[in-house]
Amino acid sequence: MRNTTRTANLVMTALMIGIIIVSIMFIRIPIPGTQGYVHLGDAMIFLSVLILGWKNGAMAAAIGGALGDIMGGAPVWAPWTFVIKGVMAIILGMFLNAAIKKARLRFAGIPVLELLGMVLAGIFMVVGYYVAEGVIVGNWVAPVIGIPWNVGQFVVGIIVAEILAAALYKTPARRYFAYRLDEKYE
């Protein structure tokens, strides 16, 4: 049974890496005046943490994000993305662990600590990409243009991830969720 669990975790992690890559490569909008772009990868990163837990979710986020940049024609961003997306997943995972242990305070049916984790992970991403672009272009003013776009990206990511998680939680796929908050979507 233990090998089946390891195999299932490996397969689910690889699947989420692939979904993150596709979400970054094919569903993106260039940010005017910058070298960056917005995409739905953050939604899949949030979903991967909900499904896989913080360890495998962070691995899927870091690897999928970096490979999405490399294969999508933006390899200069890959090392930055590897770190930023991996840490985003860890931040969310820490809050999900707390949500399981703490009171079930909810906002619109979503545990507040889960929502707070996604927001803080998104804020980390915005700051991380501001610093990354500042270093890459050697200018600390130009990256300011990308801030509202990155905020929009993680807000849309939260919405999409919660919608997909709610839908998946009502299917047999529910058993794969690392964070099973049983009354969450009922």
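Scroll up for the structure.
What counts, and at which threshold
- Residues numbered from 1 in each chain as written.
- Predicted model: local features only at pLDDT ≥ 70, side-chain atom pairs only at ≥ 80, totals over all residues.
- Heavy atoms only, no water.
- Helix = DSSP H or I, 4+ residues; strand = E, 2+ residues; numbered from the N terminus.
- Expected span 1.5 Å × (residues − 1).
- Buried < 20%, exposed > 50% of the residue type's maximum accessible area, 1.4 Å probe, protein only.
- Salt bridge = Lys/Arg side-chain N within 4 Å of Asp/Glu carboxyl O.
- Phe/Tyr/Trp six-rings, centres within 6.5 Å; stacked < 30°, edge-to-face > 60°.
- Lys NZ or Arg CZ within 6 Å of the ring centre and 35° of its normal.
- Core = buried A, V, L, I, M, F, W, Y, C linked by side-chain atoms within 4.5 Å.
- Contact = heavy atoms within 4.5 Å.

(A) Examining helix α3 (residues 54-71) more closely. In this model, α3 (18 residues) spans 25 Å end to end at C-alpha, consistent with the 26 Å of a helix rising 1.5 Å per residue. Burial in α3 covers these residues: Asn56, Gly57, Ala58, Ala60, Ala61, Ala62, Gly64, Gly65, Ala66, Gly68 and Asp69. Positive phi shows up at Gly73, right after α3, with a value of about 90 degrees.

(B) Structural detail: the environment of Ala74. For Ala74, the position within the fold is in the loop between α3 and α4 (78-101). A sequence separation of 37 residues divides Ala74 from Tyr37, and the C-alpha atoms of the two residues are 10.0 Å apart.

(C) A look at the pattern of salt bridges. Scanning the entire structure with this criterion turns up one salt bridge. We note a salt bridge from Asp42 to Lys85, for which the minimum N-O separation is 2.4 Å. Residue Asp42 is located in helix α2 (residues 41-52), and its partner Lys85 is located in helix α4; the two are separated by 43 residues in the primary sequence. By relative accessible area, which is 0% here, Asp42 ends up buried. Of the residues examined, Lys85 reaches a relative accessible area of 0% and is grouped as buried.

(D) How the structure looks around the packing of aromatic side chains. With the rule as written, the count across this model stands at three aromatic pairs. Ring centres of Tyr130 and Trp140 lie 5.9 Å apart, and the angle between their planes is 45 degrees; on these two criteria the pair is classed as tilted. Of this pair, Tyr130 sits in helix α5 (residues 112-137) while Trp140 sits in the loop between α5 and α6 (146-169), placing them 10 residues apart in sequence. Measuring from centroid to centroid gives 5.2 Å for Tyr169 and Phe177, while their planes differ by 80 degrees, and the two rings are edge-to-face. On the accessibility criterion, Tyr169 (3% relative accessible area) is buried. Seen from the ring of Tyr37, Arg28 lies directly overhead, with NZ or CZ sitting 4.4 Å from the centre.

(E) Layout of the nonpolar core. In terms of nonpolar packing, the biggest core is built from 44 residues, with Phe46, Ile51 and Met125 touching the most fellow members. Where this core is concerned, the elements lending two or more residues are α1 (2-25), α2, α3, α4, α5 and α6. With nine residues, α2 is the single largest residue contributor to this core. Apart from the residues within four sequence positions on either side, Met125 is in contact with Asp42, Ile84, Lys85, Met88, Asn150, Gln153 and Phe154.

(F) Representation of α5. Look at α5: 37 Å from first C-alpha to last across 26 residues, which is about the 38 Å you get at 1.5 Å a residue. At the C-terminal side of α5, Gly138 shows a positive phi close to 70 degrees.

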